[in-house]
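Each chain, letter by letter, is given below.
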Amino acid sequence: MKTNSEASRLQKVLAGAGVASRRQVEKMVAQGRIKINGQVVIEQGRLITSEDRVEIDGKKINLANKTYSYIMLHKPRRVLSTVKDDHGRKCVRDLLPKEIGRVYPVGRLDYETSGLLLMTNDGELTLKLTHPRYSVPKTYRVCLDKELKRADLQILRRGVPLEDGVTRPAKVVADPKFFGSENEKGSEHWVELTLSEGRNRQVRRMFEHFGYEVLALERTAYASLSLQNLASGSYRNLTAQEIASLRQWGTGEITQ
Ligand code: URA
């Protein structure tokens, strides 16, 4: 928020305070959940200053601008991408120091999946990156129990009929040379897959459709970010350039 006398739109102030995205604020206004100085807000785009008292569902909101954190975590297998688990299993936040504060996973990876997980408290960016409209690409390395058949590779590229609909065309590379020497990987069958959607357990379901067993699944890239040599269980802050590049999703100026 600017100085006391300068007015800004309600949705911009609440997004800046990390409360909700602009779109979510508009929804809350439409649902009559927001009050300014004790009065329910009925119009969209209402101007407010830092003098105003804003309540959502009866709770007073701190309007101060929030500093955002953007973290890349290399999630190991057997860690939940939720913030808390009632059964005491390890969660991704347990891998970050307390000073980072409350950051949330952008999307999720299965318990058994490892790899790149972006974590932030920037709700607006999270919403953009996870919105199906923006088709943010995600790359996975998959280890299968047997060699991928050429016919299956073609269907993976075109679209696999799953129970929740046919998948969007995917980029698929199944050349062992791509992953280094065959000796290095033994007799494992590795496939690299880039998807532009993120349905629940999508990669596993795509391969299970043909009868393959997924022995390992790792996400190596998300939007313009790649895991590179970040060790399993480690994290790093994103650079200003990486954050700027992520912000371009949803503005029509996407760079990869
Ligand atoms: N697809 C899956 O099957 N699991 C993941 O964790 C991510 C993508």
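Everything here concerns the structure above.
Basis of the calculations
Residues numbered from 1 in each chain as written. Predicted model: local features only at pLDDT ≥ 70, side-chain atom pairs only at ≥ 80, totals over all residues. Heavy atoms only, no water. Helix = DSSP H or I, 4+ residues; strand = E, 2+ residues; numbered from the N terminus. Buried < 20%, exposed > 50% of the residue type's maximum accessible area, 1.4 Å probe, protein only. Contact = heavy atoms within 4.5 Å. Areas by Shrake-Rupley, 256 points an atom, 1.4 Å probe, with all protein chains shown as cover. Lys, Arg positive; Asp, Glu negative; His and termini not counted. Charge placed at Lys NZ, Arg CZ, Asp CG, Glu CD. Axes fitted to C-alpha atoms, helices over the stretch in contact; angles between N-to-C directions. Parallel < 35°, antiparallel > 145°, perpendicular 65-115°, else oblique. Left-handed = near helix turned anticlockwise from the far one by under 90°. Nonpolar A, V, L, I, M, F, W, Y, C, P; charged D, E, K, R; others polar. Salt bridge = Lys/Arg side-chain N within 4 Å of Asp/Glu carboxyl O. Near = heavy atom within 4 Å.

## Focus on the overall build of the protein chain
When helices and strands are tallied, the protein chain shows seven helices and 17 strands. A principal-axis box enclosing the C-alpha atoms of the protein chain has dimensions of 70 × 40 × 40 Å. By the burial criterion, 44% of the 256 residues in the protein chain qualify as buried. Restricting to contacts in the protein chain with at least 6 residues of sequence separation, those with at least 24 account for 64%. Of the roughly 14200 Å² that the protein chain leaves accessible, carbon and sulfur atoms contribute 47%. Side-chain charges of the protein chain comprise 43 positive and 31 negative groups, with the mean position of each set lying 3 Å from the other.

## Considering the packing of helix α4 (residues 150–158) against helix α6 (residues 202–210)
With their axes 11 Å apart at the nearest point, α4 and α6 run at an angle of 140 degrees to one another. Overall, the two elements α4 and α6 adopt an arrangement that is oblique. As for the relative orientation of α4 and α6, their crossing is right-handed in sense. Contacts between α4 and α6 involve D152, I155 and L156 on the former and, on the latter, M206, F207 and F210. Tallied by class, residues from the contact of α4 with α6 come to five nonpolar, no polar and one charged.

## Considerations on the pattern of salt bridges
As enumerated under the stated definition, the model contains 15 salt bridges in all. Of the charged contacts in the structure, one is a salt bridge between R204 and D110, with a shortest N-O distance of 3.0 Å. A residue pair is termed long-range when its members are at least 10 positions apart, and R204 in helix α6 and D110 in the loop between β8 (104–105) and β9 (114–120) qualify at 94 residues. For the pair shown, R204 and D110 are each scored as buried. One salt bridge connects R199 with E197, and the closest N-O pair in it is separated by 3.4 Å. Given a relative accessible area of 13%, E197 falls into the buried group. Counted as one network, the salt bridges with shared partners bring together D164, E197, R199 and R205.

## What to know about the site of the ligand
In the vicinity of the ligand, the contacting residues are L109, D110, T113, Y140, R201, Q202, V203, R204 and L217. Its free accessible area being 230 Å², the ligand has 96% of it covered by the protein chains. The leading source of residues in the shell around the ligand is α6, at three residues. Partitioned by chemical class, the residues of the shell around the ligand number four nonpolar, two polar and three charged.

Geometric values such as these leave the question of function open.
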